[in-house]
Amino acid sequence: MSLITSEIKFDVTLDENKVPESLKWTAKDGGIENQETKAIMLSVWDSKSKESLRIDLWTKDMPVDEMKIFFHQTLVAMADTFQRATTDDKMADTMRDFCEYFAEKLELKS
């Protein structure tokens, strides 16, 4: 049996101060090729050291109001993923309560 691999690629264009000017990503298996984005949050788990390793990038023209929405949507997605990964419904609901509070304080919902 042969293993199947899939690649997700990020291209980052930096200015002279090494600040991201543009971000593009490709996930051919998902039908995405050189799609522009304004922000990336990537977490990976290092099982040897038992810690998360992260890459957080955003372009210098990422609007702050969009960054707030991005964070909110990411937090909601994390609650959903947490529930699927752990089946801990009570904690997932607690996380969602925080997401509602977060959105309310940032006036993201009308």
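Nothing here was measured: the structure is a model prediction, and the numbers come from that model.

## Here's the deal with the pattern of salt bridges
Thought 1: By the definition in use, this model includes 7 salt bridges.
Thought 2: Its salt-bridge partner being lysine 60, residue glutamate 21 comes within 3.2 Å of it at the nearest N-O pair. Here lysine 60 lies in the loop between β5 (51-58) and α1 (64-86) and glutamate 21 lies in strand β2 (residues 20-27), a separation of 39 residues in the sequence.
Thought 3: In this structure, the salt-bridge partner of arginine 96 is aspartate 93, at a minimum N-O distance of 3.1 Å.

## Examining the sheet that holds strand β1 (residues 9-14)
Thought 1: Read from one edge of the open sheet, 3 strands run β1-β2-β3, paired in antiparallel fashion. Lying at the two open borders of the sheet, with one neighbouring strand each, are β1 and β3 (32-37). Neighbour-to-neighbour, the strand axes of the sheet open up by a mean angle of 20°, direction not taken into account.
Thought 2: Sheet analysis places β1 next to β2, joined by 6 bridges and oriented antiparallel. Bridging from a neighbouring strand, valine 12 pairs with leucine 23 of β2.

## A few points about helix α2 (residues 89-105)
Thought 1: If you check α2, its first and last C-alpha atoms are 24 Å apart, about what 17 residues at 1.5 Å a residue would give, namely 24 Å.
Thought 2: Packing partners of the buried residues in α2 comprise α1.
Thought 3: Following α2 by one or two positions, glutamate 107 has its phi on the positive side, about 55°.

Parameters at a glance
- Residues numbered from 1 in each chain as written.
- Predicted model: local features only at pLDDT ≥ 70, side-chain atom pairs only at ≥ 80, totals over all residues.
- Heavy atoms only, no water.
- Salt bridge = Lys/Arg side-chain N within 4 Å of Asp/Glu carboxyl O.
- Helix = DSSP H or I, 4+ residues; strand = E, 2+ residues; numbered from the N terminus.
- Pairing = 2+ DSSP bridges.
- Axes fitted to C-alpha atoms, helices over the stretch in contact; angles between N-to-C directions.
- Expected span 1.5 Å × (residues − 1).
- Contact = heavy atoms within 4.5 Å.

Geometric values such as these leave the question of function open.
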